[in-house]
Amino acid sequence: MQLSEEQTAFYDMAKDFAVKKMAPNAEKWDEEKIFPIDTLRELAELGFGGIYVNPDLGGSGLSRLDSTLIFESLSHGCTSTAAFLSIHNLSLIHISEPTRRTP
């Protein structure tokens, strides 16, 4: 399967962010039990705070495959932050589309 140009672009953007902004801090965040709220806000500004949410509601409207690419990329920087963002996005499905059964 070939990724679309858009998928490649947000994969690369997420990985670049992870390597430059998350990886240098990941060990400190874990050791000092820091919840990196400013980093999460930056990720939201990139469109990763509402991945599955319809664009009419302020989200990105992306698919599960798209989200997998994003979370894989972010895991290169900090797996716990990527995991939190994944859970956050899965929770938003139920808030933004309560009748939707599978993302």
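Focus: the pattern of salt bridges
All chains considered together, the criterion is met by three salt bridges. Note that Lys 20 and Asp 16 form a salt bridge whose closest N and O atoms lie 3.1 Å from each other. On the criterion of helical spacing, the pair formed by Lys 20 and Asp 16 is a turn pair, its members being four residues apart in helix H1 (residues 5-31). The class of Lys 20 is exposed, set by a relative accessible area of 59%. Between Glu 42 and Lys 21 there is a salt bridge, with its nearest N and O atoms 2.8 Å apart. Placement of Glu 42 in helix H2 (residues 37-45) and of Lys 21 in helix H1 is noted, with a sequence separation of 21 residues between them.

Observations regarding helix H4 (residues 79-96)
In a regular helix each residue adds 1.5 Å, so 18 residues correspond to 26 Å; H4 covers 26 Å between its end C-alpha atoms and thus fits that length. Of all the residues in H4, the buried ones are Thr 81, Ala 82, Leu 85, Ser 86, Asn 89 and Ile 93. Seen along its axis, H4 keeps its buried residues to an arc of 140°; they face one direction. Of the exposed residues in H4, those oriented more than 90 degrees away from the buried face are Ile 87, His 94 and Ile 95. Its buried side turned inward, H4 meets H1, H2 and helix H3 (64-75).

Things to note about the packing of aromatic side chains
How two aromatic rings sit relative to each other is given by the distance of their centres and the angle of their planes. Per the counting criterion, the structure on display carries one aromatic pair. Between Phe 35 and Phe 84, the ring centres sit 4.9 Å apart and the planes meet at 90°, which makes this aromatic pair edge-to-face. Pair noted here: Phe 35 is in the loop between H1 and H2 and Phe 84 is in helix H4, with a separation of 49 residues, a long-range link.

Things to note about the confidence of the model for the chain
Mean pLDDT over the chain stands at 91; residues scoring 70 or higher make up 93%. H4 is the least confidently modelled element of the chain, averaging 89 in pLDDT, while H1 averages 97, the highest of any element.

Here's the deal with the environment of Asn 89
Looking at where Asn 89 falls in the secondary structure, it is placed in helix H4. As for Asn 89 and Asp 12, which are separated by 77 residues in sequence, their C-alpha atoms are 20 Å apart. When sequence neighbours within four positions are dropped, the list of residues in contact with Asn 89 reads Phe 48, Gly 49, Gly 50, Ile 51, Tyr 52 and Phe 71.

So, how was this worked out
One numbering rule holds for all chains: residues counted from 1, following each sequence as written. Given that the model is predicted, a residue must reach a pLDDT of at least 70 before its local features are reported, and side-chain atom pairs must reach 80 or more before they are shown or counted; all residues, however, enter totals for whole chains, interfaces and linings. Side-chain measures here rest on the full set of heavy atoms in the structure, leaving out hydrogens and waters. Salt bridge, as applied in this entry: a Lys or Arg side-chain nitrogen positioned within 4 Å of an Asp or Glu carboxyl oxygen. Segments assigned H or I by DSSP are reported as helices when at least four residues long, segments assigned E as strands when at least two residues long, and all are numbered from the N terminus. With a 1.4 Å probe rolled over the protein chains alone, any residue whose accessible area is under 20% of its type maximum counts as buried; one over 50% counts as exposed, and the rest are partly exposed. Any helix carries an expected span of 1.5 Å times its number of residues minus one. The directions considered for the arc are those from the helix axis to the C-beta atoms. We call two residues in contact whenever any of their non-hydrogen atoms come within 4.5 Å of each other. Only Phe, Tyr and Trp rings take part, Trp by its six-membered ring, and two of them pair if their centres are within 6.5 Å. Stacked means planes under 30 degrees apart, edge-to-face means over 60, and tilted covers everything else. What pLDDT reports is the predictor's confidence in each residue, on a scale of 0 through 100.

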